[in-house]
Amino acid sequence: LDVLIRDNTWLFGENFHITLHEAGLSKVMNRVAAELNEKKARKKTKKPDGKTGRIDCFLGRSVPNSDPKKREYFVVELKRPSLVVGRKELNQLHDYVNALKAQSDFANTDTFWHFYLVTGEYSDLIKDDVVQVNRPPGLVSDNANSKVWVKTWAEIIRDSEARLNF
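The notes below deal with the structure included here. (Residues numbered from 1 in each chain as written. Predicted model: local features only at pLDDT ≥ 70, side-chain atom pairs only at ≥ 80, totals over all residues. Heavy atoms only, no water.)

## A short note on the overall build of the protein
Item 1. Scanning the protein from terminus to terminus reveals 7 helices and 8 strands.
Item 2. Looking at the protein as a whole, 46% of its 166 residues are labelled buried.
Item 3. Within the protein, counting contacts between residues at least 6 apart in sequence, those at least 24 apart form 67% of the total. (Helix = DSSP H or I, 4+ residues; strand = E, 2+ residues; numbered from the N terminus. Buried < 20%, exposed > 50% of the residue type's maximum accessible area, 1.4 Å probe, protein only. Contact = heavy atoms within 4.5 Å.)

## Details of the environment of Leu25
Item 1. Considering the arrangement of structural elements, one finds Leu25 in helix α3 (residues 25–35).
Item 2. Looking at Leu25, the relative accessible area reads 1%, which means it is buried.
Item 3. Not counting residues within four places of it along the chain, the set of residues in contact with Leu25 comprises Thr45, Lys47, Gly53, Ile55, Tyr96, Ala99 and Leu100.

## Describing the pairing of strand β3 (residues 71–78)
Item 1. In terms of burial, β3 is largely enclosed, as 8 of its 8 residues are buried.
Item 2. Across the two faces of β3 the burial is the same, with Arg71, Tyr73, Val75 and Glu77 and Glu72, Phe74, Val76 and Leu78 all buried.
Item 3. Bridge count for strand β2 (residues 54–62) against β3 is 6 bridges, and the pairing is antiparallel. Each bridged residue has a counterpart across the sheet, and for Gly60 the counterpart in β3 is Tyr73. (Pairing = 2+ DSSP bridges.)

## Examining α3
Item 1. Buried within α3 we find Leu25, Ser26, Val28, Met29, Val32, Ala33 and Glu35.
Item 2. Positive backbone phi, approximately 55°, marks Asn37, located one or two places after α3.

## Side note on the environment of Lys147
Item 1. Looking at the element boundaries, Lys147 is found in strand β8 (residues 146–152).
Item 2. The class of Lys147 is partly exposed, set by a relative accessible area of 23%.
Item 3. Placed 34 residues apart in sequence, Lys147 and Trp113 show a C-alpha to C-alpha distance of 6.4 Å.
Item 4. Sequence-distant contacts of Lys147, that is, excluding residues within four places in its chain, are made with Phe112, Trp113, His114, Phe115, Leu139, Ser141 and Asp142.

## Looking at the packing of aromatic side chains
Item 1. In this structure the tally under the stated criterion is 4 aromatic pairs.
Item 2. Ring geometry for Phe74 and Tyr116: centres 5.8 Å apart, planes at 5°, overall stacked. Placement of the pair is Phe74 in strand β3 and Tyr116 in strand β5 (residues 111–119), with a sequence separation of 42 residues.
Item 3. Note on Tyr116: relative accessible area 10%, which makes it buried.
Item 4. Both rings, one in Trp113 and one in Phe115, keep their centres 5.9 Å apart while their planes meet at 10°; by these two values the pair is stacked.
Item 5. The rings of Tyr73, Trp113 and Phe115 are connected pair by pair, giving a single aromatic cluster. (Phe/Tyr/Trp six-rings, centres within 6.5 Å; stacked < 30°, edge-to-face > 60°.)

Structure, rendered in structure tokens:
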């Protein structure tokens, strides 16, 4: 499983040219700024509570488009398969979403962000967030420039296997 986590191209696709592991939010946003040929942020990127955060995986790619600045980014928070995630872990992901959304590199560029919480199982406390009418399973929120997902390891691996077999 360690190899799968390190080689995210197997899990999320092979068309990423940016990968960071165990990166702080500031490092993520500095990498986004570098990708867009913009200045690095002068202040640290922090969660709404003022603390810094570290994400497990960050992936980025150019999106085939007439606009060369169109980008797509994935922020992935991985939980051990035996952990049943609940409100605490989902709130952690939302803290990352809110911290990154507050950055000008998020709001003022043509980028799209996917935020994933990957777990073995989720509790009934967040089931209504994860399974909603008229949304794909796992889609917690869908906004103009971002989507927040909760997926199980089994779903991620099954989707990856289906893509690779194709």
